[in-house]
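Results of the structural survey
What follows is the residue order along each chain.
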Amino acid sequence: MKKFLFCLLACIPAAADPSTWDTSRARPLGAWKPAIAEYSRRHYGEPQWQLQPKCIVLHYTAGREFPWNLVNSADFAGESPGLASHFVVDGARIYQLLPPEVRSRSAYGINHRAINIEMVGADAQDLMARGKGTMDTAAGLVADLMARYKIPLQEIYSHQQVALMDTDEVPWVLDRINPEPYHKIDPGVEPMRYILSRVRQHQ
Ligand SMILES: [Zn+2]
């Protein structure tokens, strides 16, 4: 029985400790804030960089290496700023590219309400094949952010759900320039199911 209890506790991923978040690849905020405020004005009618997180959106990076475009890009599709999520999770490592109180540009239609987390992986299969280390780390990070910002479990979404641009699926979705649905499958049904099951173990 003791052994069983030990295993049960040991198998639950620890909530992420912010002091271990790696900020060495963070976006310089001096340039980011005015650019994302302008993006936010255009797309959401809110000329501000400040974020009050209401939900968390999970992604895979669609690549096997660290996604430097989320750190270095100056624009995307001809529009400033570049792409950047709040966090990139790679194995046991958590990179914080932007503070959760600052808007990111990672999921069209939800950047005004979401904390965006990218997991390094080529696709759902690759993520599942990485020994679940990246997903366990992401689950710990999600649990920490849920507690910190009082975000309930039903406000954890996949990019795929956001891309439907359907307020029945994700109540916050909005875009003033193009409100149409778009195609995204990240991070995949299986990774999403696995991460949510791990997050539930923290509650
Ligand atoms: Zn995505």
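Anything mentioned here points back to the structure above.
Residues numbered from 1 in each chain as written. Predicted model: local features only at pLDDT ≥ 70, side-chain atom pairs only at ≥ 80, totals over all residues. Heavy atoms only, no water.

1. Concerning helix 2 (residues 29-44)
Residues of helix 2 that are buried: Trp32, Ala35, Ile36, Ala37, Tyr39, Ser40, His43 and Tyr44. Looking at the residues trailing helix 2, positive phi occurs at Gly45, about 70°. (Buried < 20%, exposed > 50% of the residue type's maximum accessible area, 1.4 Å probe, protein only. Helix = DSSP H or I, 4+ residues; strand = E, 2+ residues; numbered from the N terminus.)

2. Focus: the pattern of salt bridges
Evaluation of the coordinates by the stated rule reveals eleven salt bridges. Asp144 serves as the salt-bridge partner of Arg148, at 2.9 Å between the closest nitrogen and oxygen. You can see Arg148 and its partner Asp144 sitting in helix 5 (residues 133-149), four residues apart, about one turn around the helix. Judged by relative accessible area, Asp144 falls into the buried class, the value being 12%. A network of salt bridges, in which partner residues are shared, links Glu38, Arg41, Arg42, Glu79 and Arg105. (Salt bridge = Lys/Arg side-chain N within 4 Å of Asp/Glu carboxyl O.)

3. Quick notes on the nonpolar core
Judged by nonpolar contacts, the single largest core of 29 residues is most densely connected at Ile56, Ile115, Ile117, Leu145 and Ile156. Put simply, the parts of the chain that give this core at least two residues each are strand 1 (55-60), strand 2 (87-90), strand 4 (114-119), helix 4 (124-129), helix 5 and helix 7 (189-200). The element that contributes the greatest number of residues to this core is helix 5, accounting for eight residues. Contact partners of Ile115, with chain neighbours within four places excluded, come to Leu51, Pro53, Cys55, Ile56, Val57, His86, Phe87, Pro100, Leu145, Tyr149 and Ile151. In terms of nonpolar packing, the next biggest core, distinct from the first, is built from ten residues, Val57, Ala114, Tyr157 and Val170 among them. (Core = buried A, V, L, I, M, F, W, Y, C linked by side-chain atoms within 4.5 Å. Contact = heavy atoms within 4.5 Å.)

4. Some words on unusual backbone geometry
Cis peptide bonds are those with omega within 30 degrees of zero, and the linkage from Ser80 to Pro81 qualifies with -5°. Tracing the backbone through its elements, the reader meets Pro81 in the loop between helix 3 (69-72) and strand 2. Cis geometry marks the peptide bond from Asp186 to Pro187; its omega dihedral reads -5°. Mapped onto the secondary structure, Pro187 falls in the loop between helix 6 (159-163) and helix 7. In this model, Ala62 sits at a positive phi of 65°, which is unusual for a non-glycine residue. Structurally, the position occupied by Ala62 is in the loop between strand 1 and helix 3. Here Ala77, not a glycine, exhibits a phi torsion of approximately 55°, which is positive. With respect to the helices, strands and loops of the structure, Ala77 is situated in the loop between helix 3 and strand 2.

5. Considering the coordination of the zinc ion
The zinc ion binds to the protein through His59 (ND1), His159 (ND1) and Asp186 (OD), with metal-donor distances spanning 2.1 to 2.2 Å. The motif formed by the donor residues of the zinc ion, counted along the single chain, is H-x99-H-x26-D. You can see His159 sitting in helix 6 and its partner Asp186 sitting in the loop between helix 6 and helix 7, a full 27 residues away along the chain. Neither His159 nor Asp186 differs from the other in exposure class; each is buried. (Donors = N, O, S within 2.8 Å, 3.2 Å for Na, K, Ca; no water.)

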